[in-house]
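# Architecture and fold: a report
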Amino acid sequence: MGRKRGRDHVFVETDGQVYLVRDRGTLRFPRADEKLPFPTESAGVMDFGADRVLRYKPRLDHHPEEWWGRDAIFERSDVDPLVKRAIYTTMIRCVSEVILSKGLRVLMVKSVRGFSKGYWNVPGGFMDYGESPEVGVEREAEEEIGVDIVLDGLLNVYVSGFPGKPAYTLGFVYKGHLVSEAFRLKPDEIEDAAWFTVDKALTLTRNPFAKWALVDFFLQSDEARAALKVKRHSSDPHATGPDQPTVFLDRDGVINRGRAGYVRTPDQFRFLPGAIDGMRLLQDHGWQLVIVTNQDAAGWKLLTEAQLAKVHDRMLAMLHKEGVRVAEVYYCPHNVLSDCACRKPRPGMLLAAARDLGVRPRGAWMVGDKPLDVQTGRAFGCRTAWVGPKAWRKRFAAEVRPWSPDVVADSLLDGARAIVRYGEDPVVDAARKSRTDPTITS
Ligand SMILES: [Mg+2]
């Protein structure tokens, strides 16, 4: 979609050896329509705009000595520049970052240049040549905020793509604390440094490593986990195990018809056409379902939490009869004026599911009908689907644009079909991923 039709080239590599064909004195990749003398399986797509390089793994029973060693290719003058560019692009970039904490809060810095210009990020940046990640992050922190840091251990290591670029970046993220708070901000790079709770910090950064690390920090911090107060329907959530692929579903406008005066009684709860089928489709494909709903009606005291529980009991009973299981229903009982962690677009309900059900952002989707649902999914660092009838989507198109949903669909059922397809084709998946992953900032 939207791609100028160019050529598809095939990049077959195994164990540092690359398969090339000689064409009038030049060594080049085979084209997608040329037959290869061995079977392959697809391993992703590198999108260079007009040219697309399809990555394949060969199925061979021997080591192909006769192929070309990837490092030796750069010295040759008879190699197609696209081959050099693609091989160069496979070399992963490395960044090293740090979550500096003080009690429940973490230090974020606001950038004045680069990819994260105008956004908050965690301190850190690209590692220098030959530098270890520990030394790199200490140097970056000193450069950015002018303060020595103490590392308390590695939090995690992540890989992510750049939007519209075929390269990947490897991110080491540490946890640590400050020696002093006498900040000396680097004027051409950082305009501010401030402490935020994890739920708030997640809404401020575009950096996927920072998001995933903030969630991991939250999960590793007894204090942060205990401090997050989020309401849920059942006291005994039906978790299907850690790291279970999960789809978060908004309720009103996705599962059931919204009502001008809010859904206040079980009788007013009406499933939207296809919603149950969509939930069943996701469940049949191994997705755990978690509902996350802002209930302003409770926040405005138009509905008691006991009444809301009755609505949810009825909804769950009807779903149960249809063979659909919901791991948990989280709800925000506040209103738009509240500064709670749970009201979307804050990701508090998703964080609670990470804590209670073992959900991880990299294996999750958020499906909603409002721009703030998409924003919430982005804040948590998961993929997002925006669903609703065409006229509705037209009305909110400009508002949703900054959050660039991965899937746009007419209904939950259509969205569910797209989510199921998304994970099934690694070529499509990798191509989409390289376009839609949030920006890496360093
Ligand atoms: Mg809604």
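Above this text you will find the structure in question.
This section reports on the structure supplied with the text.

Let's shift gears to the sheet that holds strand 5 (residues 40–48). In any sheet, the strands associate via hydrogen bonds between backbone groups, in a parallel or an antiparallel arrangement. Sheet architecture is open: five strands sit in the order 5-6-1-2-7, paired in mixed fashion. Single-partner strands in this sheet number two, and they are strand 5 and strand 7 (68–69). As defined by bridge partners, strand 2 (residues 17–19) adjoins strand 7 across two bridges and the pair is classed as antiparallel. Along strand 7, the bridge assignment pairs Q17 with G69. Each of strand 1 (8–14), strand 2, strand 5 and strand 6 (51–58) touches helix 1 (residues 81–89); the most contacted strand, strand 5, lies at about 100° to it.

Before going further, it helps to examine the pattern of salt bridges. Across all of its chains, the model carries 35 salt bridges by this definition. One salt bridge in this structure joins R22 and D78, with 3.5 Å as the shortest N-O distance. One end of the pair, R22, is in strand 3 (residues 21–23); the other, D78, is in the loop between strand 7 and helix 1, and 56 residues separate them in sequence. Across the pair D78 and R76 runs a salt bridge, and its minimum N-O distance is 2.9 Å. Among the residues examined, R76 registers a relative accessible area of 27% and is labelled partly exposed.

Protein coordination at the magnesium ion comes from D250 (OD), D252 (O) and D369 (OD), with a distance range of 2.1 to 2.2 Å. Positions of the donor residues of the magnesium ion along the chain correspond to the pattern D-x1-D-x116-D. Here D250, found in the loop between strand 16 (246–249) and helix 6 (275–284), pairs with D369, found in the loop between strand 19 (364–368) and helix 10 (371–380); they are 119 residues apart in sequence, far enough to count as distant. The burial state of D250 is the same as that of D369; both residues are buried.

Time to look at the nonpolar core. Nonpolar side chains in soluble globular proteins tend to end up buried together. Counting 47 residues, the largest nonpolar core has I99, F248, Y330 and F380 as its most contacted members. The greatest single-element share of this core, amounting to nine residues, is contributed by helix 4 (residues 208–220). Formed jointly, this core draws a minimum of three residues from each of two domains, domain 2 (93–224) and domain 3 (228–436). Among all residues touching F248, those that are not within four sequence positions of it are V290, V292, L350, A353, V359, A364, W365, M366, V367 and F380.

Let us look at the sheet that holds strand 17 (residues 288–294). Judged by pairing direction, the sheet is mixed, and its seven strands sit side by side in the order 15-18-17-16-19-20-21 without closing on themselves. Pairing within the sheet leaves two strands with one partner each, and these edge strands are strand 15 (231–232) and strand 21 (407–409). Of the strand pairs in this sheet, strand 16 and strand 19 are connected by four bridges, and their pairing is parallel. The partner of T246 across the bridge, within strand 19, is A364. Packed onto the sheet, helix 12 (residues 412–422) meets strand 16, strand 19, strand 20 (383–387) and strand 21 and runs at close to 150° relative to strand 21.

What follows is about a positive patch on the surface. A cluster of basic residues, R257, R259, R264 and R270, forms a positive patch on the protein surface. Relative to the assigned elements, R270 resides in the loop between strand 16 and helix 6.

Time to look at unusual backbone geometry. Note the cis peptide between K344 and P345, where omega equals 15°. Turning to its location among the elements, P345 is positioned in the loop between strand 18 (328–332) and helix 9 (348–357). Positive phi, close to 55°, is recorded for D15, a residue that is not glycine. Within the secondary structure layout, D15 lies in the loop between strand 1 and strand 2. Positive phi is not limited to glycine here, since S404 has a value of about 25°. Relative to the elements of secondary structure, S404 occurs in the loop between helix 11 (390–400) and strand 21.

One can describe the packing of helix 9 onto helix 10 by two numbers: an axis separation of 9 Å at closest approach and a directional angle of 45°. Classified by the angle their axes make, helix 9 and helix 10 are oblique. The way helix 9 lies across helix 10 gives a crossing that is right-handed. Together, L350, L351 and A354 of helix 9 and T376, G377 and F380 of helix 10 make up the contact between the two elements. Residues belonging to the contact of helix 9 with helix 10 are distributed by class as follows: four nonpolar, two polar and no charged.

Reading the values: rules and limits
- In this convention, every chain numbers its residues from 1, walking through the sequence in written order.
- In view of the model being predicted, local features appear only for residues whose pLDDT reaches at least 70, and side-chain atom pairs are presented and counted only at 80 or more, with totals across whole chains, interfaces and linings using the full set of residues.
- Hydrogens and waters are ignored; side-chain quantities use all the structure's heavy atoms.
- When DSSP finds two or more bridges between two strands, those strands count as paired.
- Helical segments are the DSSP runs of H or I of at least four residues, strand segments are the runs of E of at least two, and each set is numbered from the N terminus.
- Contacts were defined at the residue level, with two residues in contact if any of their heavy atoms lie within 4.5 Å.
- Interaxial angles span 0 to 180 degrees and are taken between N-to-C directions of axes, which are lines fitted to C-alpha atoms, for helices over the stretch in contact.
- Put simply, a salt bridge is a Lys or Arg side-chain nitrogen that is within 4 Å of an Asp or Glu carboxyl oxygen.
- Any residue under 20% of the maximum accessible area for its type is buried, any over 50% is exposed, and the rest in between are partly exposed; the area is computed with a 1.4 Å probe on protein chains only.
- Coordination shells were defined by N, O and S atoms within 2.8 Å of each metal, extended to 3.2 Å for Na, K and Ca; water is absent from the atom set, which can make sites look incomplete.
- In this text, buried Ala, Val, Leu, Ile, Met, Phe, Trp, Tyr and Cys residues form a nonpolar core when linked through side-chain atoms within 4.5 Å.
- For the domains described, the bounds stem from an automatic or database domain assignment.
- Note that patches include only residues with greater than 30% relative accessible area and no salt bridge, and the join distances are 9 Å for like charges and 5 Å for nonpolar side chains (Val, Leu, Ile, Met, Phe, Trp, Tyr).
- The protein chains shown are the only cover counted for residues, whose accessible areas, like all others here, come from Shrake-Rupley with a 1.4 Å probe.
- His is not counted here, nor are the chain ends, while Lys and Arg score as positive and Asp and Glu score as negative.
- Charge placement uses NZ in Lys and CZ in Arg. For Asp and Glu, CG and CD serve respectively.
- Between 65 and 115 degrees an angle is taken as roughly perpendicular, under 35 as roughly parallel, over 145 as roughly antiparallel, and anywhere else as oblique.
- Crossing handedness is read from the near helix: turned anticlockwise from the far helix by less than a right angle, it gives a left-handed crossing, and turned clockwise, a right-handed one.
- Gly falls in the polar group here, along with every residue not listed as nonpolar (Ala, Val, Leu, Ile, Met, Phe, Trp, Tyr, Cys, Pro) or charged (Asp, Glu, Lys, Arg).

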